[in-house]
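Observations on the model geometry
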Amino acid sequence: MFCVVAAQEAEAHVKWFCAYDVAGQPRGLENVLCQDFELLLGVAVFWLFAGCLIEPTALGTATIHALDRITEPLRLRTETMIRAVCAFFFISIWAVGGILLTPELKTTSPLVGVLQLGIAAGMLSRRTLPLSAVGIVILFGIGVHDYGVFHLADYPIFLGIAAYLALVGLKKDLFGISPLDVVRYSAGVTLMWASIEKWAYPEWSFPLLVEHATITLGFDNEFYMRAAGMVEFTLAFALLWTPLIRRCAAVVLTGMFISACFEFGKIDAIGHSAIVAVLLAIACDDRTSARDVRAAWLAPVSLCAALTVTLFVYYAGHAALFNTSIL
C-alpha cells in the first residue's frame, strides 16, 4: 500500500506540468519534519530492514533466481537497450523542439538540435559512444549556464548516462566501478534529490492533484506529498544497496514511472525514457561482489544518514544560493 500511495505522482516531474519557482522559499524544516514524516520514515525503515533480513534467506535466494530467469533476455542486451532508448530520447526532444534536456529546460539555439541529433547518431556504434557522452555533458553544461547549478542538480542522471556511454565505448571502468554501477549511483542520487522537492515545495504539485484527483486515493494532499517523497527517497536509496534490495527497488520504480506515463502522457514518457532504461538495466543486473555483503542493521542507519545529509545539502545549498531560510 505504501508504494501505491505515491505510485504515479511521485514520478511525474512536477516542473514539466506546473508553475514553479526554484529560487522561492521552501517549506521550513520544522514543517517538513512533522509527525507524519516521522511515521512514514518509520514505515520505510521497517520495510527496508525486513528486506535486508530476507535477502540472505532461502526466500531471498529464490527471489534472486526468479529475477534472473525473468530478466535474462533483457540482461543479455542491456547495452543495446540503453543505447536504443538514449537515441529515442534525443531524437524525440529534437523533434519536439526547443528543449535542452528535459521539458522545462527551454532553448532557442538551433545548434542544440544539431547536437541532439549527433548524440543520437553516436549510439549506432560503440566507437562513437564517447562522442555522444561529450555531447550530453555539453548540453548539461549549457543547462547549468542558463538555469543554474541548483536547478540542474535535479538531473545528475544525465552525467551518469554520459559516464556509462563513455566507459562502455572505451571499454574501461571508473576506478574499479563498472559503467552500470556508475549510472546506478547517479540514478539513486537523482531520485533522492528530487524527492526533497516534494517536501520543500508540495504546493507545486497541488494543481496536478486537483486535475488528477484519483491518484491521491482519497488521501489529504499534504499527506500524499509527504508519502510520495518518502516512497521515492527510500526506493532511490535502495538502488545503492545490496543486489536483491536494489533490483526490487528498480522493478517498483520502473512500474511507477510507466504508470505515470498513462496518466500524464507522452511528455512524461519521453522525459523519463532514459531513466526507465537505466532502472530496467539495474533490475536485470545479476552481478554480485564483496562490496554487496552488508549487515542488515546498516540499511536503516544508512537510510537515515542519507536522508539527513540530503536534506541538509538541499536546504543549506538553497539558502546559500538564494538567501532563503532553513527553518
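Whatever comes next refers back to the structure up there.
Residues numbered from 1 in each chain as written. Predicted model: local features only at pLDDT ≥ 70, side-chain atom pairs only at ≥ 80, totals over all residues. Heavy atoms only, no water.

A few points about the overall build of the protein chain
Rules: Segments assigned H or I by DSSP are reported as helices when at least four residues long, segments assigned E as strands when at least two residues long, and all are numbered from the N terminus. Two things to know: the radius of gyration comes from C-alpha atoms, and the globule rule equals 2.2 Å times the number of residues to the power 0.38. Buried residues are those whose accessible area, probed at 1.4 Å on protein chains only, stays under 20% of the maximum for their type, while exposed residues exceed 50% and partly exposed ones sit between those limits. Two residues qualify as a contact provided that any one of their heavy atoms is within 4.5 Å of a heavy atom in the partner residue. Surface exposure here means Shrake-Rupley accessible area, sampled with a 1.4 Å probe, where a residue is shielded only by the protein chains that are shown.
In terms of regular secondary structure, the protein chain is built from 16 helices and zero strands. Scaling as 2.2 N^0.38, a compact globule of 327 residues should have a C-alpha radius of gyration of about 20 Å, and the protein chain matches this with 19 Å. Projected onto the principal axes, the alpha-carbon positions of the protein chain cover approximately 50 × 50 × 35 Å. Every one of the 327 residues in the protein chain was classed for burial, and the buried ones make up 54%. Within the protein chain, residue pairs in contact and separated by at least 24 positions form 79% of the contacts whose partners lie at least 6 positions apart. Carbon together with sulfur atoms contributes 70% to the accessible area of the protein chain, which is approximately 14300 Å² in total.

Observations concerning the environment of Y147
Heads up, the condition is: Between N or O atoms, a polar contact is any pair within 3.5 Å; within protein, one atom must be a potential hydrogen donor and the other a potential acceptor, and residues adjacent in sequence are included only when both atoms are from side chains.
Along the polypeptide, Y147 turns up in helix α7 (residues 129–147). Taking the relative accessible area as the measure of exposure, Y147 reaches 28% and is therefore partly exposed. Along the sequence, Y147 and V22 sit 125 residues apart, while their C-alpha atoms lie 9.5 Å from each other. If near-sequence neighbours (up to four positions away) are discounted, Y147 is found in contact with E104, L105, K106 and L152. A polar contact of 2.7 Å, which involves the side chain of Y147, links it to the backbone nitrogen of K106.

Focus on empty space enclosed by the protein
Selection criterion: The pocket and cavity definitions rest on a 1 Å grid over protein atoms only: a 1.4 Å probe that fits but cannot leave marks a cavity, an open set with protein on both sides within 12 Å along at least five of seven lines marks a pocket, and residues lining either have an atom within 4 Å of a point. Grid points are joined across faces, edges and corners, and a volume is the space filled by probe spheres set on the points. The classification used treats Ala, Val, Leu, Ile, Met, Phe, Trp, Tyr, Cys and Pro as nonpolar, Asp, Glu, Lys and Arg as charged, and all other residues, Gly among them, as polar.
Evaluated as defined, the whole model comprises four cavities of 30 Å³ or more. Volume-wise, the second largest cavity comes out at about 70 Å³. Looking at the second largest cavity, the residues that line it are R27, N31, V32, K198, W199, P202, E222, M225 and R226. The set of elements that each furnish at least two residues to the lining of the second largest cavity consists of α2 (29–32), α10 (179–200) and α12 (221–238). Partitioning the lining of the second largest cavity into residue classes produces four nonpolar, one polar and four charged.

A closer look at the packing of aromatic side chains
Selection criterion: Each pair of aromatic rings taken from Phe, Tyr and Trp, with Trp reduced to its six-membered ring, is defined by centres within 6.5 Å and is described as stacked if the planes are under 30 degrees apart, edge-to-face if over 60, and tilted in the remaining cases. Our definition puts a charge over a ring when NZ of Lys or CZ of Arg is within 6 Å of the ring centre and also within 35 degrees of the ring normal.
Scanning the model with the defined rule gives 15 aromatic pairs in all. With 6.4 Å between their ring centres and 35 degrees between their planes, W199 and F233 make a pair best called tilted. In this pair, W199 sits in helix α10 while F233 sits in helix α12, placing the two residues 34 residues apart along the sequence. This pair shows no difference in class: W199 is buried, exactly as F233 is. By the ring-pair criterion, three or more aromatic residues cluster together here, those being F150, W193, Y314, Y315 and F322. The ring of W241 carries R294 above its face, with NZ or CZ at 4.5 Å from the centroid.

Notes on the pattern of salt bridges
As a reminder, the rule being used: By definition here, a salt bridge exists when the distance from a side-chain nitrogen of Lys or Arg to a carboxyl oxygen of Asp or Glu is within 4 Å.
Under the defined criterion, the tally for this structure stands at twelve salt bridges. Note that E79 is salt-bridged to R83, the shortest N-O span being 2.7 Å. Highlighted residues: E79 and R83, both in helix α5 (residues 78–96), separated by four residues, approximately one helical turn. For the pair formed by E79 and R83, the shared burial category is buried. One connected set of salt bridges, linked through shared partners, spans R27, D36, E203, E222 and R226.

Some thoughts on the state of the cysteines
Cut-off, in case you're wondering: Two cysteine sulfur atoms form a disulfide, by the criterion used here, when they sit within 2.5 Å.
All chains considered together, the criterion is met by zero disulfides. Cysteine C304 shares no disulfide, and the gap to the nearest cysteine sulfur, in C52, comes to 12 Å. The partly exposed category is assigned to C304, whose relative accessible area is 30%.

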